[in-house]
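Observations on chain architecture
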Amino acid sequence: AMTHLYVQVGAFSRLQNAKTLLSKVGGDLRISTLQRGGQTLYRVRTGPLSNVAEADAALAHINGAGANDAQIVVDQ
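Now for a quick tour of the structure.

Before going further, it helps to examine the overall build of the protein. When helices and strands are tallied, the protein shows 2 helices and 4 strands. Listing every helix and strand of the protein by position from the N terminus yields β-α-β-β-α-β. Dimensions along the principal axes, computed over C-alpha positions, put the protein at roughly 35 × 30 × 15 Å. Considering the protein as a whole, with its 76 residues, one finds that 33% of them fall into the buried category. Long-range contacts, defined as pairs at least 24 residues apart, comprise 62% of the intrachain contacts of the protein with a sequence gap of at least 6. With the model as given, the accessible surface of the protein reaches about 4600 Å², and the carbon-plus-sulfur share is 50%.

Among all positions in helix α1 (residues 15-25), only Ala18, Leu21 and Val25 are buried. Around the axis of α1, the buried residues are gathered within 65° of arc, so they sit on the same side. Projecting away from the buried face of α1 at angles above 90 degrees are the exposed residues Ser23 and Lys24. Along its buried surface, α1 packs onto β1 (4-12), β2 (30-36), β3 (39-45) and α2 (52-64).

What follows is about the sheet that holds β1. Overall, antiparallel pairing links the 4 strands, which are arranged β2-β3-β1-β4 in an open sheet. Whereas interior strands pair on both sides, the edge strands pair on one side only; in this sheet they are β2 and β4 (71-75). Across this sheet, the average inter-strand angle for adjacent strands is 50°, counted without regard to direction. Of the strand pairs in this sheet, β2 and β3 are connected by 7 bridges, and their pairing is antiparallel. Across the sheet, Ile31 pairs through a bridge with Val44, a residue of β3. Set on the sheet, α1 makes contact with β1, β2 and β3; between it and β1 the angle comes to about 120°. With respect to the sheet, α2 is in contact with β1 and β4, its orientation differing from that of β1 by roughly 30°.

Each value, and the rule that gives it
Residues numbered from 1 in each chain as written. Predicted model: local features only at pLDDT ≥ 70, side-chain atom pairs only at ≥ 80, totals over all residues. Heavy atoms only, no water. Helix = DSSP H or I, 4+ residues; strand = E, 2+ residues; numbered from the N terminus. Buried < 20%, exposed > 50% of the residue type's maximum accessible area, 1.4 Å probe, protein only. Contact = heavy atoms within 4.5 Å. Areas by Shrake-Rupley, 256 points an atom, 1.4 Å probe, with all protein chains shown as cover. Arc of directions from axis to C-beta. Pairing = 2+ DSSP bridges. Axes fitted to C-alpha atoms, helices over the stretch in contact; angles between N-to-C directions.

Here it is in structure tokens:
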């Protein structure tokens, strides 16, 4: 299976919070949903990115935009 890297900026239980963060940070972020324990999480993330260098660059850009909680995450 291919491994996909994402830079995740935040995860929220309310869509509006995700949209607010999305508009603040901008760039090529998108909102994706995750079902966990009967609850929907709205994740704000880039990607998929093809390699660690790309992910590092995206993370640096996002941190520069003021989103200090961003982290690189891996999804199969």
